[in-house]
Each structure stands twice: as C-alpha cells, then as structure tokens.
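# Structural characterization, general
Here's the letter readout for the chains.
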Amino acid sequence: MKEKIRQMLEDVLPLVNFDSDFLFSELDSLGVTTILMTLSDAYGITLDASDATPRNLRSLDSLVALVERKLSEKG
C-alpha cells in the first residue's frame, strides 16, 4: 500500500519530497487538499479538514496509517 500511495501522490505532486520526515512543512493548503482528495478517491474513504493535521501528514508512513485507520473504520 505504501508504494501505491507514494506513486499516486508523486503523480499529482511531483515537487514534494515524500521521503521527508517533515512532509507537512513542505505542503501548502492546495497540496494538503490534493493529498486528501487523491486518497479519498483512490480508497473510497472520507477525509476532510479534520484529518489535515501535522500528525497525519508528518510522513508517508503517517499517511498510510491514516488510510488504514479510515479503511478499518469503514468496515
């Protein structure tokens, strides 16, 4: 799942370093929105402004954890 998410996000945000441990600091509001919309569409989950936290967007691993958590909540 991690590599699939990396590829999807690199396709829509090619200038962002998804290997960064400080991913949130590299993103502007459009980048955050793009990530949330891309992951929502790809996995059929609901991500909104309340999910756009520095903790959830800290790194690629934290994004994967967010998606996994939302998928498990979905059932």
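Just above sits the structure.
In what follows, the accompanying structure is described. Predicted model only: the values in this text are computed from it and were never measured.

### Overview of the pattern of salt bridges
Should the charged atoms of two oppositely charged side chains come close, the side chains can pair. Following the criterion strictly, the structure yields five salt bridges and no others. The partner of Lys-2 in a salt bridge is Asp-61, and the shortest N-O contact between them spans 2.8 Å. Of the two residues, Lys-2 is situated in helix H1 (residues 2-12) and Asp-61 in helix H4 (residues 60-74); the sequence distance between them amounts to 59 residues. Taking the shortest distance from any N to any O, the salt bridge between Arg-6 and Glu-10 comes out at 3.9 Å. With Arg-6 and Glu-10 both in helix H1 and four residues apart, this pair spans about one turn of that helix. Among the charged side chains, a network of salt bridges with common partners joins Glu-3, Arg-6, Glu-10 and Asp-19.

### Here's the deal with helix H3 (residues 29-43)
In this model H3 runs 21 Å from its N-terminal to its C-terminal C-alpha over 15 residues, within 8% of the 21 Å that 1.5 Å per residue would give. Looking only at H3, the buried set comprises Gly-31, Val-32, Thr-34, Ile-35, Leu-36, Thr-38, Leu-39, Ser-40 and Tyr-43. On the buried face of H3, the contacting elements are H1, helix H2 (23-26) and H4. The first or second residue beyond H3 is Gly-44, which carries a positive phi of 65 degrees.

### Brief notes about H1
Along H1, the residues that are buried comprise Ile-5, Arg-6, Met-8 and Leu-9. Each buried residue of H1 sits inside an arc of 165 degrees when the element is viewed along its axis, so together they form one side. The exposed set on the far side of H1, more than 90 degrees from its buried face, consists of Glu-3, Lys-4 and Asp-11. Buried-residue contacts for H1 involve H3 and H4.

### Regarding the packing of H1 against H3
Running from N to C, H1 and H3 cross one another at 130 degrees; their axes reach a closest spacing of 10 Å. Taken together, the axis directions place H1 and H3 in an arrangement best described as oblique. Classified by chirality, the crossing of H3 by H1 is right-handed. Mapping the contact onto sequence places Lys-4, Ile-5, Met-8, Leu-9 and Val-12 in H1 and Thr-34, Ile-35, Thr-38, Leu-39, Ala-42 and Tyr-43 in H3. Residue composition of the contact of H1 with H3, by class: eight nonpolar, two polar and one charged.

Cut-offs applied
- Residues numbered from 1 in each chain as written.
- Predicted model: local features only at pLDDT ≥ 70, side-chain atom pairs only at ≥ 80, totals over all residues.
- Heavy atoms only, no water.
- Salt bridge = Lys/Arg side-chain N within 4 Å of Asp/Glu carboxyl O.
- Helix = DSSP H or I, 4+ residues; strand = E, 2+ residues; numbered from the N terminus.
- Expected span 1.5 Å × (residues − 1).
- Buried < 20%, exposed > 50% of the residue type's maximum accessible area, 1.4 Å probe, protein only.
- Contact = heavy atoms within 4.5 Å.
- Arc of directions from axis to C-beta.
- Axes fitted to C-alpha atoms, helices over the stretch in contact; angles between N-to-C directions.
- Parallel < 35°, antiparallel > 145°, perpendicular 65-115°, else oblique.
- Left-handed = near helix turned anticlockwise from the far one by under 90°.
- Nonpolar A, V, L, I, M, F, W, Y, C, P; charged D, E, K, R; others polar.

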